[in-house]
Amino acid sequence: MIKIAASILSANFSKLAEEIKKVEQAGVDLIHIDVMDGDFVPNITFGPQLINDIRKVTKLPFDVHLMIKQPLRYIEDFIKAGSDMLTLHIETTSTLDIKKQKISLAKKGIKLGVSLNPSTSLKKIEPVLNIVDFVLVMSVNPGFGGQEFIPEVVNKIKKLRSFYRGVISVDGGVNGKNASLLRKVGVDILASGSYLFKAKDIQKAIKKLKGIS
Ligand code: DX5
Ligand code: ZN
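Please read these numbers as outputs of a predicted model, since none were measured by experiment.

1. A short note on the nonpolar core
- By size, the foremost hydrophobic cluster in this structure holds 62 residues, and its most contacted members are Ile8, Ile33, Ile125 and Val135.
- For Ile125, the residues in contact, after removing those within four places along its chain, are Ile90, Val114, Leu116, Val135 and Leu160.
- Within the second largest apolar cluster, 9 residues are counted, among which are Met85, Leu136, Met138 and Ala191.

And the structure:
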């Protein structure tokens, strides 16, 4: 069964704890946390302190997506804060560093993912595919929630699925309309922000994403 990661970027930050509990009760599998530095992407969001604080609110795994220019400078802080899955972008981190991080994260029981922007070729991540635990395919240009899904990414996922047997996660513009196509091409995790948090009935929205009627 496909897993749903709720991206808290689209939550109401003035009541974040309640928002997290709301999606947990509705049945999401993971909490997706978008860390942005205003440099790698044109937006600034959260740091380790926030993750540390919301760690007390839920037992759901934290899927921490690092959209920052210098992720290795801060990775220890994100580990200590309570990340269960950490994603590094291939645009910011070398193959060698991804290999090194995999070894140290594995010792701590933390999963490592690699992400690539819509304009980045699959060729770039090929050297790390046998190292990482999952691939996070960006289906919008990273930076903001609520953007439209880029349809060309579907072919990219199909291609990736043809030679990669590991976990594929898709992030950006995922909704009740495109979810069935994403399930069909073999995606394992759907990260969804605005579709979930803006839904009148979150449980129903999750069922739509999972394809349960
Ligand atoms: C985009 C983020 C996404 C975003 C998804 O830079 O990485 O995780 O929060 O939000 P929606 O589902 O609204 O596109
Ligand atoms: Zn994300």
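2. So, the coordination of the zinc ion (ligand 2)
- In this structure, His32 (NE2), Asp34 (OD), His65 (ND1) and Asp171 (OD) serve as the protein donors to the zinc ion (ligand 2), at separations of 2.1 to 2.3 Å.
- Each of the 6 donor atoms bound to the zinc ion (ligand 2) contributes to angles spanning 71 to 170°, and the resulting shape is octahedral.

3. Regarding empty space enclosed by the protein
- In total, this model carries 1 cavity of 30 Å³ or more according to the counting rule given.
- Taken as a whole, the largest cavity holds about 190 Å³ of empty space.
- Taken together, 23 residues line the largest cavity, and the ones lying closest to its centre are Asp34, Phe144, Gly145, Asp171 and Gly172.
- Every element with two or more residues in the lining of the largest cavity is listed here: β2 (30-36), β3 (62-67) and β8 (189-192).

4. A look at the pairing of β2
- In terms of residue burial, β2 counts as a mostly covered element, since 7 of its 7 residues are buried.
- Along β2, one buried face is formed by Leu30, His32, Asp34 and Met36 and the opposite face, lined by Ile31, Ile33 and Val35, is buried too.
- Sheet topology note: the strand β1 (residues 3-7)/β2 ladder contains 3 bridges and is parallel. Bridge pairing links Ala5 to Leu30 in β2.
- After leaving β1, the chain enters helix α1 (residues 16-26) and then returns to the sheet as β2, a path that is right-handed.
- As paired strands, β2 and β3 are joined by 6 bridges and run parallel to one another. Counted as the bridge partner of Asp34 is His65 from β3.
- Handedness of the β-α-β unit built from β2, helix α2 (residues 48-54) and β3 comes out right-handed.

5. Considerations on the site of ligand 1
- In the vicinity of ligand 1, 20 residues are found, and the nearest of them are Ser7, Asp34, Gly146, Asp171 and Ser194.
- For ligand 1, an oxygen atom lies 2.8 Å from a polar atom in the backbone of Gly143.
- Note that an oxygen atom of ligand 1 is positioned 2.8 Å from one of the backbone N or O atoms of Gly173.
- For ligand 1, whose unbound accessible area comes to 380 Å², protein coverage reaches 100%.
- Of all the elements, β2 adds the most residues to the shell around ligand 1, at 3 residues.
- When the residues that make up the shell around ligand 1 are grouped by side-chain class, the tally is 6 nonpolar, 12 polar and 2 charged.

6. Side note on the packing of aromatic side chains
- Applying the stated criterion across every chain yields a total of 1 aromatic pair.
- Geometry around Phe62 places Arg55 over its ring, the cationic atom sitting 3.8 Å from the centre.

Calculation notes
- Residues numbered from 1 in each chain as written.
- Chains lettered and ligands numbered in written order.
- Predicted model: local features only at pLDDT ≥ 70, side-chain atom pairs only at ≥ 80, totals over all residues.
- Heavy atoms only, no water.
- Core = buried A, V, L, I, M, F, W, Y, C linked by side-chain atoms within 4.5 Å.
- Buried < 20%, exposed > 50% of the residue type's maximum accessible area, 1.4 Å probe, protein only.
- Contact = heavy atoms within 4.5 Å.
- Donors = N, O, S within 2.8 Å, 3.2 Å for Na, K, Ca; no water.
- Tetrahedral: all angles 85-135°; square planar, octahedral: opposite > 155°, others 65-115°.
- 1 Å grid on protein atoms, 1.4 Å probe; cavity = no way out; pocket = protein on both sides within 12 Å on 5 of 7 lines; lining within 4 Å.
- Points joined across faces, edges and corners; volume = space filled by probe spheres on them.
- Helix = DSSP H or I, 4+ residues; strand = E, 2+ residues; numbered from the N terminus.
- Pairing = 2+ DSSP bridges.
- Right-handed = clockwise from strand over helix to strand, strands pointing away.
- Near = heavy atom within 4 Å.
- Polar contact = N/O pair within 3.5 Å; in protein donor to acceptor, adjacent residues only side chain to side chain.
- Areas by Shrake-Rupley, 256 points an atom, 1.4 Å probe, with all protein chains shown as cover.
- Nonpolar A, V, L, I, M, F, W, Y, C, P; charged D, E, K, R; others polar.
- Phe/Tyr/Trp six-rings, centres within 6.5 Å; stacked < 30°, edge-to-face > 60°.
- Lys NZ or Arg CZ within 6 Å of the ring centre and 35° of its normal.

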